[in-house]
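Take a look at the letters that make up each chain.
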Amino acid sequence: MNLPLSLTINGVRREIVLDDPRVTLLDLLRERLDLTGTKKGCDRGQCGACTILVDGRRINSCLALAVSHDGAEIITIEGVGRGGELHPVQAAFIAHDGFQCGFCTPGQIMSGIGLIQEGQAGDDPERVRECMSGNLCRCGAYQGITEAVLEAQADINAPKQRRSA
Amino acid sequence: MMNFDYVRPASVADAIAAASEKGATYLASGTNLLDLMKGGVSRPSVLVDVTRLPGLDRIERLADGSLRIGALVRNADLAHDAEFARNYPAVAEALLSGASAQLRNAATVGGNLMQRTRCAYFYDAGSACNRRWPGAGCDALKGENRLHAVLGWSEGCIATHPSDFSVPLVALDAVVEIEGKAGRRELPLGELHRLPGETPERETALERGDLIVALRLPATAQGFARHARYIKVRERTSYAFAVVSAAAGLRIEDGKIREARLALGGVAAKPWRAREAEQVLAGAAPDAAVYREAARAALSGAKPSGDNAFKIELAQRIVVRALTLAARGTPDRIAALPGSPFSSVAGA
Amino acid sequence: MTLEISLTRDPAHIRHGSNIGQPLTRTDGVLKVTGKARYAADNHPPGMVYAVIATSCIARGRVKSLDVAAAKRHPGVIDVMTPTHKPELAEDPDAKGNPFAFRMELLQSDEVRYANQAIAVVIAETLEAATEGAALLSPRYQVEISRVGLDAGEAYAPPVVGIGNPAEVRHGDINAGMAVASKLTDSTYETPAQYHNAMEPHAIVAVWDGDRLFIDTPSQGMGFAQMRIAGLFGIPPANIHINSPFLGGGFGSKGLISGPQVLGIMAAKLIGRPVKLVLRRSQMYGPVGHRPPTRQRIRIGTDDAGALTVINHEARVTTSSFDDFYEPAADASHTLYASPAIRTAHEAVRVDTGTPLFMRAPGEATGSIVLESAIDEAAFACGIDPLEFRLKNYAEVEPTTGKPFSSKALRQCYAKAAERFGWAGRPLQPRQMRDENGFLVGWGMGTATFPAIMFQGNARAVIRADGKGVMETGAHDMGQGAWTALAQISADSLGLDIDRLTFRSGSSDLPDAGIAGGSGHTATVGAAIHNAGAAVIAKLAELATSDERSPLFGAGNAGVVARGGRLYRRDDDARSESFAEILARAGVAEVEGSGTGAADAAAQSQYAMHAHGAVFAEVKVDPELGQIRATRMVGAFAAGRIINPLMVQSQLRGGMIWGLSFALHEEAVMDHRSGRILNANLAEYHVPVNADVPTMDVIMVDEHDPHVNPLGIKGVGEIGITGSAGAVANAVFHATGIRVRNFPIKIEEVVMGLSV
């Protein structure tokens, strides 16, 4: 069975002919498109390491069939920085040491970016913790993660607020 | 994951035709189905992808005052819909207390209603489970069952329904709209999920090919908006299934409870509507004594299915808590930790 | 490998001047936040295919049949590796060549010794085909009754516990200590099986080239892995090239090469193509080690003044039916509290699980939560504040050996953490505190300790003609920050700014850096680097001071110091010469030096060497619903010299979270009949999520240790768990008045204990 699908990944449109309906978005990215920044920690929607943005929303790519996402716009960790510059969330993760082993980090960062876009947490650390709870970190870098998301959010929102003022 | 054919029908009628074939099943976002397929629990031969079916992703107010929610509306979109959260705050809170932000962004309303149990023996392909394999037996019955059902269970199955979303929905008399081979029909949500009895493998009232196309909350459901809460005890602060949960809605007039709605999660194979408790509350003054009486009534038929007697006590306490908090009034904004005891003032 | 980093922001991880002690951000940070850090499973050599393990769903018995034909019929499946169809091994995987050669399942027979054991490997063109192929094998079994739990069989005294520790240790007169006690607490605690659950599942990409083997795999010990693989495949260790630049967490589970990783190598050999094999999360509950369950009885005697008279700590642990690893749980009572009589003893029971192994603070974690809880019970029985009780019984020398401590700033840890936490004024009685919302509030504390261990490691240093330096060591970064901290030590050892240094690591082609475990990696490799750097500087000094054209001529080898890429006369800062100038004049392309780091046996026999700390925790408990949340933790730790406080803070916070998790969350639930783990996943095996983690305050207490090793490093990787787990458990008691002795503390214990 040949299943044609068209995906825009990190701004690049890709025409893909999939020979297998079982392929998840995660495995498509990692095993077939050499976009290995997105990680597989559990493959069952229980850890968040595979978080990517699909049509602007953060989801677990391990629980998404590629074939079902024909036409989707996908952003992965590889597509986050612009022109070689780190995204504010990436920079904040370094500054706050929001990781140790780094394996959950791409998922954490994509989740943080998704959260900031959702705009549900505001500057309340408790809401950030809750809204980042879909991303496990076994090393225990949560405090740095929370601080990084809050700082990056303030960084991203600051110019907007200035403009509207 | 075992291989399958993938079809993406363009219409509801085509979808029903495709899903009526043996071995076929509907795929919405797949957050539960793909997990089950990867675990070898579900082995459909055809996946009928309904995510592109037109018109199922809308939230609309009907002329009779009821709210119709398309089956493909995403959980997060529903929970974050300001009008929805204002009118049905316990439902929004329940939604936000479930799973993770990523899963809520993907999961659909219809799919969530079809979520299957988290019983470890159901998930473990090496264990006997009457749901997976009718007649195989139930390894949970004499197994590790501290989190299993205390209401409505049978010797054949002691699993619980894991949904948070469904708990306030059954309390609010939600109705599901179903399209099937015989056309369109409606079913109270309280009748969608079945208690196990002799046939635990029949988890819902749906027939082959049936597709949930919408969920409807009747006009009366808004009447509880000012006094509604969902409370959930779990073993982590977030991202964990309920040990026990409760949704409470009260209509309070002139210092009296005119009408009460109460449902429990994590206690039975279905979201458990506690009508006896509602009757205890109706007409009473909102106070601790009547909440306790309601709690006793809600759990009057409960019995441990194993190492889980504590859940009967805990369920009564959570009923009291949910009622106490509901009576105190719905907060203006959903708490930072939705559903968590730590997001609200303790009853002490 | 070296890290290739392009920087576009201010490079906070480069700082000019002295490097050790600076809070540099991670040198691998940019790679990790951009997804460019390549973990083992991210590799994809040309022609690579996929191997997926089929695992047993029984815990004991035999595989009677496998439907290999069905798997092979599946499109894409290339081959199925089974006990009857596999490459010959040069060595029996059950042979016990050394105590670290743990037995592994490499399809040597049809025997099943635990659930989740590999019983076949399916190799296919795609991951999807291999996965389905494995499911199609539909194994049939001959099942035997499995042995599950701490009462599964006859207990016996193990020959040793941990790494060669005696199973029983006696100090002083135990009976006398019991007899003179005016109060004796006698409690039995249980701790559950736990699984490492590093975020990165074990993975391997294996490529054979004749009898040379190239593998990408996460490893905390590449040298050990080389030796083991060499033995199994009958090739020289030097033929094995392991690439392990990043580990997605290890916590001990990647210390030794595991069976599934070797199966990946076998699969590649079988079909003659590169193979990738990655464990599924559920498959990590079995063949890659775990922390075994324990039952610990601890009796503590005190006199009228609250001074200890005896600690008698007994532990029963499980081990596998086929190998020997014994969690040294009771050993936690050896060092912390001054008691005239101390006894620790272990017994073991064989069960049908994979062999337990080192898991972050093995023995220390399981023993610490029990000791710290029991100390809390003893203090309470005496009516003495838990901190005061601990100070009263402060060990001035190591109690069981009588050795002085090489350094011990524990008093300062107690004082600083208690002050920061606000411990003073804590009511002695439990269930006295509530917050403004009516939640029960409890404060608990625990003492942290972990031995300062060193292994053996090597490093090679070079100064090149351009004056820049290279440091090479096959070290392992599993998140602790080796890329950064070891680079800092390297730069200082060579007298260079860190941006003039190329630091190479993470490959077995580099000098063997030993094992990243026991919290000893930075100390061990740091010492090797220190010595390698010193060797190079000595050679440079020799070149300069013996050359009359040099301004340093005649200074003598001890008369110069290296700083900022130059050698200076120690007695005259105005006279100096750059490394490049020295090499250019000598006509030497580069100078190279090697160094080794290892424990100083003489110092070890003279001193007890431990890091210490004090942890204070606040929990809130819902008075009716029993749900618990830690709200605040403060830990002060004295662990010798701190190389990078930012990284150390992260390590300590991580450890404290593991402690919190030990007390409140994690537990593997095993069916008592089948021996299958029922929560072999991350949804129901609860590790803390972000919302579980309170504000954590870490204080690093300054400690100078002249004995422990040349750099004075004690290690911080594991100590954070100890103390923390007990602190949280004690806080739950203080909040509720309920002493839960089965960990993790479960809601039902609190719910049923709290009457409404």
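Model, not experiment: these values are computed from the prediction. (Residues numbered from 1 in each chain as written. Chains lettered and ligands numbered in written order. Predicted model: local features only at pLDDT ≥ 70, side-chain atom pairs only at ≥ 80, totals over all residues.)

**Re the packing of helix α11 (residues 288-298) of chain B against helix α12 (residues 310-328) of chain B**
Residues and elements named next belong to chain B.
- At a minimum axis distance of 8 Å, the contact between α11 and α12 shows a crossing angle of 135°. In terms of their interaxial angle, α11 and α12 are classed as oblique. Regarding α11 and α12, the two cross each other, and that crossing is right-handed. Residues Tyr291, Arg292, Ala294, Ala295, Arg296 and Ala298 of α11 form the contact with α12, whose participating residues are Gln316, Val319, Val320, Leu323 and Thr324.
- Tallied by class, the residues present in the contact of α11 with α12 amount to seven nonpolar, two polar and two charged. (Axes fitted to C-alpha atoms, helices over the stretch in contact; angles between N-to-C directions. Helix = DSSP H or I, 4+ residues; strand = E, 2+ residues; numbered from the N terminus. Parallel < 35°, antiparallel > 145°, perpendicular 65-115°, else oblique. Left-handed = near helix turned anticlockwise from the far one by under 90°. Contact = placed C-beta atoms within 7 Å. Nonpolar A, V, L, I, M, F, W, Y, C, P; charged D, E, K, R; others polar.)

**Re the domain arrangement of chain C**
Residue and element names in this part refer to chain C.
- As far as domains go, chain C holds domain 1 (407-453 + 605-753) and domain 2 (457-597).
- For domain 1 versus domain 2, the separation of C-alpha centres amounts to 39 Å.
- Contacts between domain 1 and domain 2 engage 17 residues on the former and 14 residues on the latter.
- By residue class, the composition of the side of domain 1 that touches domain 2 is 10 nonpolar, five polar and two charged. (Domains from an automatic or database assignment.)

**Notes on the sheet that holds strand β22 (residues 501-504) of chain C**
All names here are of chain C.
- As summarised here, the arrangement of the four strands in space is β22-β21-β20-β26, forming an open sheet in which the pairing is mixed. What marks the edges here is a single partner per strand, and that holds for β22 and β26 (590-597). Across the sheet, the mean angle separating the axes of adjacent strands is 15° when strand polarity is ignored.
- Note: strand β21 (residues 469-472) against β22, four bridges, orientation parallel. (Pairing = 2+ DSSP bridges.)

**Here's the deal with helix α10 (residues 482-493) of chain C**
All names here are of chain C.
- Look at α10: 15 Å from first C-alpha to last across 12 residues, which is about the 16 Å you get at 1.5 Å a residue.
- Most of α10 is tucked away: 12 of the 12 residues are buried.
- Buried residues of α10: Ala482, Trp483, Thr484, Ala485, Leu486, Ala487, Gln488, Ile489, Ser490, Ala491, Asp492 and Ser493, and no others.
- Packing partners of the buried residues in α10 comprise β20 (457-464), β21, β22, α11 (521-545) and α14 (645-664).
- Phi turns positive one or two residues past the end of α10, at Gly495, with a value near 60°. (Expected span 1.5 Å × (residues − 1). Buried ≥ 20, exposed ≤ 12 C-beta atoms within 10 Å, placed from the backbone.)

**So, the interface of chain C and chain B**
- Taken together, the contact pairs 33 residues of chain C with 33 residues of chain B.
- Counting only elements with at least two residues in the side of chain C that touches chain B, the list comes to α3 (127-136) and α16 (747-753) of chain C.
- Considered class by class, the residues forming the side of chain C that touches chain B number 14 nonpolar, eight polar and 11 charged.

**Some details on the interface of chain C and chain A**
- At the interface, 48 residues of chain C touch 51 residues of chain A.
- Here the side of chain C that touches chain A takes six residues from α14(C), the largest share from any one element.
- Of the residues contributing to the side of chain C that touches chain A, the split by class is 21 nonpolar, 17 polar and 10 charged.

**Quick notes on the pairing of strand β12 (residues 212-216) of chain C**
All names here are of chain C.
- Where strand β11 (residues 203-209) meets β12, five bridges bridge the pair, whose relative direction is antiparallel. Across the sheet, Asp209 pairs through a bridge with Arg212, a residue of β12.
- In sequence, β11 turns back onto β12 through a hairpin of two residues, with Gly210 there showing a positive phi of about 65°.
- Here β12 runs beside strand β13 (residues 240-243); their pairing, made up of four bridges, is parallel. By the bridge assignment for β13, Ile215 is matched with Ile242.
- Between the parallel pair β12 and β13, the chain is carried across by helix α5 (residues 222-233), and the sense of this crossover is right-handed. (Right-handed = clockwise from strand over helix to strand, strands pointing away.)

**Considerations on the packing of α14(C) against helix α15 (residues 724-736) of chain C**
Residue and element names in this part refer to chain C.
- Close contact between α14 and α15 brings their axes to 7 Å; oriented N to C, the two are set at 45°. Taken together, α14 and α15 sit at an angle that is classed as oblique. Crossing handedness for the pair α14 and α15: right-handed. Of the residues in α15, those touching α14 at Gly655, Met656, Gly659, Leu660, Phe662, Ala663 and Leu664 are Ser724, Ala725, Val728 and Ala729.
- For the contact of α14 with α15, the class distribution of residues is eight nonpolar, three polar and no charged.

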